[in-house]
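Each chain is listed here by its residues.
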Amino acid sequence: MAQPNAEPVEDYDYEALPPNFSLLQNMAAGAFAGIAEHTVMYPVDAIKTRMQVLTPGGTAAHTGVLRSTYQIASKEGVLSLWRGMSSVIVGAGPAHAVYFATYEAVKHAMGGNQAGVHHPLAAATSGAAATIASDAFMNPFDVIKQRMQMQNSSRMYRSMVDCARYIYKNEGMGAFYVSYPTTLSMTVPFAALQFLAYESISTTMNPSKHYDPFTHCVAGAVAGGFAAGLTTPMDVIKTILQTRGTSSDPQVRNVNGFVGGCQLLYQREGFRGFFKGLKPRVLTTMPSTAICWSAYEFSKSYFIKRNDNV
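The name recorded for the chain in an unreviewed UniProt entry is Mitoferrin-1, from Stachybotrys elegans. According to the UniProt record, the Subcellular location (unreviewed entry) comment for the chain is "Mitochondrion inner membrane". UniProt, in its Sequence similarities (unreviewed entry) section for the chain, records the words "Belongs to the mitochondrial carrier (TC 2.A.29) family."

Right under this line is the structure:
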């Protein structure tokens, strides 16, 4: 029961987490947001992966979101669009728990939670730090996810565990992290741009910084789409590195880093190749980040109100 002299929840600066909002609750909010973000738009993400794979002739096997959806569903079954989602569910929860816990901790340390003041540097730095921490955990799960999204993957892997065992046996532990530097080259600027845009848009739309679902949804969607478009080239290279073990092309299988991936991609497909999958990436990211931020802010608001009434 609330104490008689306790401040009502409305008196909190919503963006500055109150003292009774625990780290565990913050991580729970982040985990919920991460699972919600990745599962809803998973089929479009699977299409994006197929579109970004490097082929020997330089001709993409999948072009266009609707055309690719029809091709995959008609040839491999509708459920193939969800293959590998178990890896996301297992990895995304803990990874996003780390992500948002790091974000809030760094943002607080840099003074980003001061009421009535916009701190773009704190937001960008917090997003970058959160990404470095969470990607270290998530990268192996992302590799498994993309392998299972490939065409005919059901013939090679029965499950997420089977896929992980196959990769480790045939390519070693390094296969799970060969794309990590490239992933960071994409996700660090992505996170910095997204958090900067999100904080700027949400502050403009909601100066009082109270819980506002509409603001969180719109700001998340715009910020995510903006960041996704600018970082697509790094995402293409990441896909090449993470799926190289499934290729029959010796040149692709021998790519061992960001520079090598860039050189081969430019040689095969030119500058346009760096923006393969741009549309499905943005189409996936905008609603995904809207869902992620909405879920996170909802969870945060719920815990704040719940704690205030204890």
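(A) Seen up close, the overall build of the chain. Counting its secondary structure elements, the chain contains 12 helices and 0 strands. Starting at the N terminus and walking to the C terminus, you meet the elements of the chain as α-α-α-α-α-α-α-α-α-α-α-α. Residue burial in the chain is summarised as follows: out of 310 residues, 55% are buried. By element, 65% of the accessible surface of the chain is carried by carbon and sulfur atoms, the whole surface being about 14000 Å².

(B) Quick peek at the packing of aromatic side chains. As enumerated under the stated definition, the model contains 6 aromatic pairs in all. Taking 3.7 Å as the distance between ring centres and 10 degrees as the angle between the ring planes, the aromatic pair formed by tyrosine 198 and tryptophan 293 counts as stacked. Note that tyrosine 198 is positioned in helix α7 (residues 180-205) and tryptophan 293 in helix α12 (residues 278-308), a separation of 95 residues in sequence. Note on tyrosine 198: relative accessible area 1%, which makes it buried. Following the ring pairs from residue to residue traces out a cluster consisting of Tyr103, Tyr198 and Trp293.

(C) Layout of the confidence of the model for the chain. With 87% of its residues at a pLDDT of at least 70, the chain reaches an overall mean of 80. Overall, residues 1-18 carries pLDDT values under 50, and its contacts beyond four positions in sequence, including any with other chains, amount to 38 contacts.

(D) Representation of empty space enclosed by the protein in the model. Taken as a whole and assessed by the stated rule, the structure comprises 3 cavities of 30 Å³ or more. In this structure, the largest cavity spans a volume of roughly 760 Å³. Glu37, His38, Met186, Thr187 and Phe190 are the residues nearest the centre of the largest cavity, which is lined by 34 residues in total. Across the lining of the largest cavity, the residue classes tally to 13 nonpolar, 12 polar and 9 charged.

(E) Here's a closer look at the side chain of threonine 183. With respect to the helices, strands and loops of the structure, threonine 183 is situated in helix α7. Each residue touching threonine 183, except ones within four places of it in the same chain, is listed here: Asp135, Asn139, Lys238 and Gln242.

(F) Geometry of the nonpolar core. If you look at the biggest cluster of nonpolar residues, it comprises 17 residues, and the most contacted ones within it are Ala33, Tyr99, Phe100, Tyr103, Phe195, Trp293 and Tyr296. Elements supplying a minimum of two residues to this core: α1 (23-40), α4 (85-109), α7, α8 (213-230) and α12. Apart from residues lying up to four places away in sequence, tyrosine 103 is in contact with Ala123, Ser126, Gly127, Ala130, Phe195, Glu199 and Trp293.

(G) How the structure looks around the side chain of glutamine 146. Within the secondary structure, glutamine 146 sits in helix α5 (residues 120-149). For glutamine 146, a relative accessible area of 0% translates into the label buried.

(H) Representation of helix α3 (residues 65-76) in the model. Between its first and last C-alpha, α3 extends 16 Å over 12 residues, near the 16 Å set by a 1.5 Å rise per residue. Positive backbone phi, approximately 95 degrees, marks glycine 77, located one or two places after α3.

(I) Main features of the packing of α4 against α7. Contact geometry of α4 with α7 gives a least axis separation of 14 Å together with a crossing angle of 65 degrees. Classified by chirality, the crossing of α7 by α4 is right-handed. Packed against α4, whose contacting residues are Tyr99, Tyr103 and Lys107, the element α7 presents Ala191, Gln194, Phe195 and Glu199 at the interface. Among the residues making up the contact of α4 with α7, the classes are represented as 4 nonpolar, 1 polar and 2 charged.

How each quantity is defined
- Residues numbered from 1 in each chain as written.
- Predicted model: local features only at pLDDT ≥ 70, side-chain atom pairs only at ≥ 80, totals over all residues.
- Heavy atoms only, no water.
- UniProt positions renumbered as here; feature names shortened; annotations may be inferred.
- Helix = DSSP H or I, 4+ residues; strand = E, 2+ residues; numbered from the N terminus.
- Buried < 20%, exposed > 50% of the residue type's maximum accessible area, 1.4 Å probe, protein only.
- Areas by Shrake-Rupley, 256 points an atom, 1.4 Å probe, with all protein chains shown as cover.
- Phe/Tyr/Trp six-rings, centres within 6.5 Å; stacked < 30°, edge-to-face > 60°.
- pLDDT = per-residue confidence, 0-100.
- Contact = heavy atoms within 4.5 Å.
- 1 Å grid on protein atoms, 1.4 Å probe; cavity = no way out; pocket = protein on both sides within 12 Å on 5 of 7 lines; lining within 4 Å.
- Points joined across faces, edges and corners; volume = space filled by probe spheres on them.
- Nonpolar A, V, L, I, M, F, W, Y, C, P; charged D, E, K, R; others polar.
- Core = buried A, V, L, I, M, F, W, Y, C linked by side-chain atoms within 4.5 Å.
- Expected span 1.5 Å × (residues − 1).
- Axes fitted to C-alpha atoms, helices over the stretch in contact; angles between N-to-C directions.
- Left-handed = near helix turned anticlockwise from the far one by under 90°.

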